[in-house]
Amino acid sequence: MSQTATAILSDRINNMQESATIKMAKMSRELKAQGQDIIDLSLGEPDFDTPQHIKDAAKKAIDEGYTKYTPVPGYLELRKAIVEKFKRENNLTYTTDQIVVSTGAKQSIANVVLSLINPGDEVLLPAPYWVSYAAIAELAEGKCVEIPTTIDSNFKVTAELLAQHITSKTKLIIFSSPCNPTGSVYSQAELQSLADVVKKHPGLYVLCDEIYEYINYTGTAHTSLASFPEVFEQVITVNGFSKGFAMTGWRLGYIGAPLWIAKACDKMQGQFTSGTCSIAQKAGEAALMTDITPSLKMVEAFKKRRDTVYELLSNIPGLKVNLPEGAFYFFFDVSAYFGKVYNGKTLNTPEDISLYLLAEAKVAMVSGESFGDKYCLRMSYATSEEKLIAACERISKAFAQLS
Ligand code: PMP
Ligand code: GLU
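Since the structure is predicted, the reported quantities are computational estimates derived from the model, not experimental observations.

Analysis parameters
- Residues numbered from 1 in each chain as written.
- Chains lettered and ligands numbered in written order.
- Predicted model: local features only at pLDDT ≥ 70, side-chain atom pairs only at ≥ 80, totals over all residues.
- Heavy atoms only, no water.
- Helix = DSSP H or I, 4+ residues; strand = E, 2+ residues; numbered from the N terminus.
- Rg over C-alpha atoms; globule rule 2.2 N^0.38 Å.
- Buried < 20%, exposed > 50% of the residue type's maximum accessible area, 1.4 Å probe, protein only.
- Contact = heavy atoms within 4.5 Å.
- Areas by Shrake-Rupley, 256 points an atom, 1.4 Å probe, with all protein chains shown as cover.
- Lys, Arg positive; Asp, Glu negative; His and termini not counted.
- Charge placed at Lys NZ, Arg CZ, Asp CG, Glu CD.
- Arc of directions from axis to C-beta.
- Near = heavy atom within 4 Å.
- Polar contact = N/O pair within 3.5 Å; in protein donor to acceptor, adjacent residues only side chain to side chain.
- 1 Å grid on protein atoms, 1.4 Å probe; cavity = no way out; pocket = protein on both sides within 12 Å on 5 of 7 lines; lining within 4 Å.
- Sits in = over half its atoms within 2 Å of the grid points.
- Nonpolar A, V, L, I, M, F, W, Y, C, P; charged D, E, K, R; others polar.
- Points joined across faces, edges and corners; volume = space filled by probe spheres on them.
- Expected span 1.5 Å × (residues − 1).
- Pairing = 2+ DSSP bridges.
- Axes fitted to C-alpha atoms, helices over the stretch in contact; angles between N-to-C directions.
- Parallel < 35°, antiparallel > 145°, perpendicular 65-115°, else oblique.
- Phe/Tyr/Trp six-rings, centres within 6.5 Å; stacked < 30°, edge-to-face > 60°.
- Left-handed = near helix turned anticlockwise from the far one by under 90°.

Engineer: Break down the overall build of the protein chain for me, with residues and values.
Structural biologist: Along its length, the protein chain carries 14 helices and 14 strands. Expected size for 403 residues packed as a compact globule is a radius of gyration near 22 Å; at 21 Å, the protein chain falls within 12% of this value. Viewed in the frame of its principal axes, the protein chain has a C-alpha envelope of about 60 × 55 × 50 Å. By residue count, 54% of the 403 residues in the protein chain fall in the buried class. Sequence-distant contacts in the protein chain: of pairs separated by 6 or more residues, those separated by 24 or more amount to 73%. Carbon and sulfur atoms make up 53% of the accessible area of the protein chain, which totals about 17500 Å². If you average the places of the 40 positive and of the 45 negative side-chain charges in the protein chain, the two averages end up 2 Å apart.

Okay, structure coming up:
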């Protein structure tokens, strides 16, 4: 970017961090286009195609003329299907006017944060956290306060830690379970203990991001934080279609929220997007109204890949790896390799290691810094087992060269 452009552009955009996940995916796409044999494990995107019955519903929607602006918060039929889904799967009772459908869960999160946060309000982020939480909170001029966790506690925040970080300025907590980037899943008892803290602070809200809800290997049903009645009025539940239904490109996410928050988000997107794509909404309705066997098959495949990668990564000397219970990421500690030298340069950070692995192993992963972590790399295993095995072999060789 030229000096002039930076000078002309707003502070808002100049101060914004580029999304690290998207940046790495872009870099690896460019290297591939140059003919390099890159295995891209950067982006969290299911490699499966959207199930056929969902695609058919979209084609039908076009033929039936669902091609106009929709109500800003989404078609009533879709919101009804979401209300039923929340009741059926999450034991949550929302009305259709408490649902706002948006252009991806990413926009749902932006709507909520921009609606709630004033300059200087504190936003608590159990770290590691998904990259866009911090960027969006900063865009709203909120002050991000990280709650650090470690791999030894499976990167989970406890009630005590949460309580210690709440001040009179804390307005919002944002977290995901199953978690991107760590794959950790909070149990019902752990969520109950967090709810006990939250209910003591009536001015505090929680954005609970449940987009990986289906991708859960614990064998126990997913628990929504909002299902604890004592915090229902303080929780915004975010979900979407990208992960569970392999619908990343359709750009479809939603919230269930207290009515006044849902109304604020509706107003916000009335100015930003006028609501999301009519055809994607009809596809989403079909996804929720049909049985989720195709999604469960994908989850089975993810679990198998998780087990394979866990074994391979655990065998690489120096790496500290935990067994993720959900989502499709490994977040492993590479700090044993800090201080090693490559091409005359000392590798001191996860970013240095990720660039080393991109250059030497031709494997793209995202470094921990932008997730609020100083020791780890994130590997997405939402790709074929064959590629994952090849990637682990290459990573193993590249680390061996540093020893
Ligand atoms: N939340 C989390 C934790 C994510 O990993 C993602 C990535 N897709 C999103 C929200 C946004 O999803 P989308 O906008 O594709 O619905
Ligand atoms: N959520 C995915 C990830 O973390 C997709 C990229 C993005 O939206 O940031 O990789």
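Engineer: So what's going on with helix α9 (residues 188-198)? Which residues, and what values?
Structural biologist: Listed as buried for α9 are L191, L194, A195, V197 and V198. One face of α9 carries all of its buried residues, which in axial projection span an arc of 155 degrees.

Engineer: Tell me about the site of ligand 2, and please be specific about residues and values.
Structural biologist: For ligand 2, the full set of nearby residues is S19, T21, L43, G44, K106, W130, N180, K243, Y329 and R378. Contacts to ligand 2 include T21, whose side-chain N or O atom sits 2.7 Å from an oxygen atom. One nitrogen or oxygen atom from the side chain of R378 is found 2.8 Å from an oxygen atom belonging to ligand 2. When ligand 2 sits alone it has 280 Å² of accessible area, and the protein chains cover 87% of it. Its atoms largely coinciding with the cavity grid, ligand 2 occupies the second largest pocket. Here the shell around ligand 2 is composed, by residue class, of 3 nonpolar, 4 polar and 3 charged.

Engineer: Kindly report on the layout of surface pockets, identifying the contributing residues and their values.
Structural biologist: The computed volume of the largest pocket comes to approximately 690 Å³. Q17, E18, S19, A20 and V131 are, among the 28 residues lining the largest pocket, the residues nearest its centre. Residue assignment for the lining of the largest pocket shows that the elements contributing at least two residues are α3 (20-33), α6 (105-116), α7 (131-139), β4 (143-148), α13 (350-360) and β13 (366-367). Top element by residues in the lining of the largest pocket is α7. It accounts for 7 residues. Of the residues contributing to the lining of the largest pocket, the split by class is 16 nonpolar, 6 polar and 6 charged.

Engineer: Lay out helix α11 (residues 278-289) in plain terms, naming residues and giving numbers.
Structural biologist: Note on helix geometry: an α-helix contains 3.6 residues per turn, so any two residues three or four positions apart are oriented the same way. With 12 residues, α11 should cover 16 Å at 1.5 Å per step; its first-to-last C-alpha distance of 17 Å lies within 8% of that length. Of all 12 residues making up α11, 10 are buried, and the element is well covered by its neighbours. Within α11, the full set of buried residues consists of S278, A280, Q281, K282, A283, G284, E285, A286, A287 and L288. Those residues of α11 that are buried lie in contact with α4 (52-63) and α5 (76-90).

Engineer: Lay out the sheet that holds β4 in plain terms, naming residues and giving numbers.
Structural biologist: If you walk across this open sheet you meet the 7 strands as β2-β8-β7-β6-β5-β3-β4, and the pairing is mixed. Because the sheet does not close on itself, it has two edges, and the strands there are β2 (99-102) and β4. In this sheet, adjacent strand axes meet at a mean angle of 20 degrees when their direction is disregarded. Here strand β6 (residues 205-209) runs beside strand β7 (residues 235-240); their pairing, made up of 4 bridges, is parallel.

Engineer: Talk me through the packing of helix α12 (residues 293-314) against helix α14 (residues 385-402); I want residue IDs and the actual numbers.
Structural biologist: Between α12 and α14, the shortest axis-to-axis distance is 10 Å and the interhelical angle comes to 10 degrees. If you check the angle between α12 and α14, you find them roughly parallel. Of α14, the residues touching α12 (which contributes K304, R305, T308, V309, L312 and L313) are E385, L388, I389 and C392. Looking at the contact of α12 with α14, its residues break down into 6 nonpolar, 1 polar and 3 charged.

Engineer: Explain the packing of aromatic side chains to me, using residue names and the numbers behind them.
Structural biologist: The final tally for this structure, using the stated rule, is 20 aromatic pairs. Relative to F245, the ring of F241 has its centre 5.7 Å away and its plane inclined at 35 degrees; by these criteria the two rings are tilted. Ring centres of F331 and F371 lie 5.8 Å apart, and the angle between their planes is 80 degrees; on these two criteria the pair is classed as edge-to-face. Taken together, the positions of F331 in strand β9 (residues 329-333) and F371 in the loop between β13 and β14 (376-380) put the pair 40 residues apart, joining distant regions of the chain.

Engineer: I'd like to hear about the packing of α6 against α7, residue by residue, with values.
Structural biologist: Two measures define how a pair of helices packs: the angle their axes make with one another and the distance between the axes. Viewed as axis vectors pointing N to C, α6 and α7 meet at an angle of 35 degrees, and their least axial separation amounts to 9 Å. For the pair α6 and α7, the crossing hand works out as right-handed. Between α6 and α7, the residues in contact are K106, I109, A110 and V113 and S132, Y133, I136 and A137, respectively.

Engineer: An account of the side chain of K282 is requested, with residue identities and associated values reported.
Structural biologist: For K282, the position within the fold is in helix α11. Looking at K282, its side chain comes within polar contact range of the side chain of E285, at 2.9 Å. Excluding anything up to four places from it in sequence, K282 contacts A57, A61, Y66, Y75 and E77.

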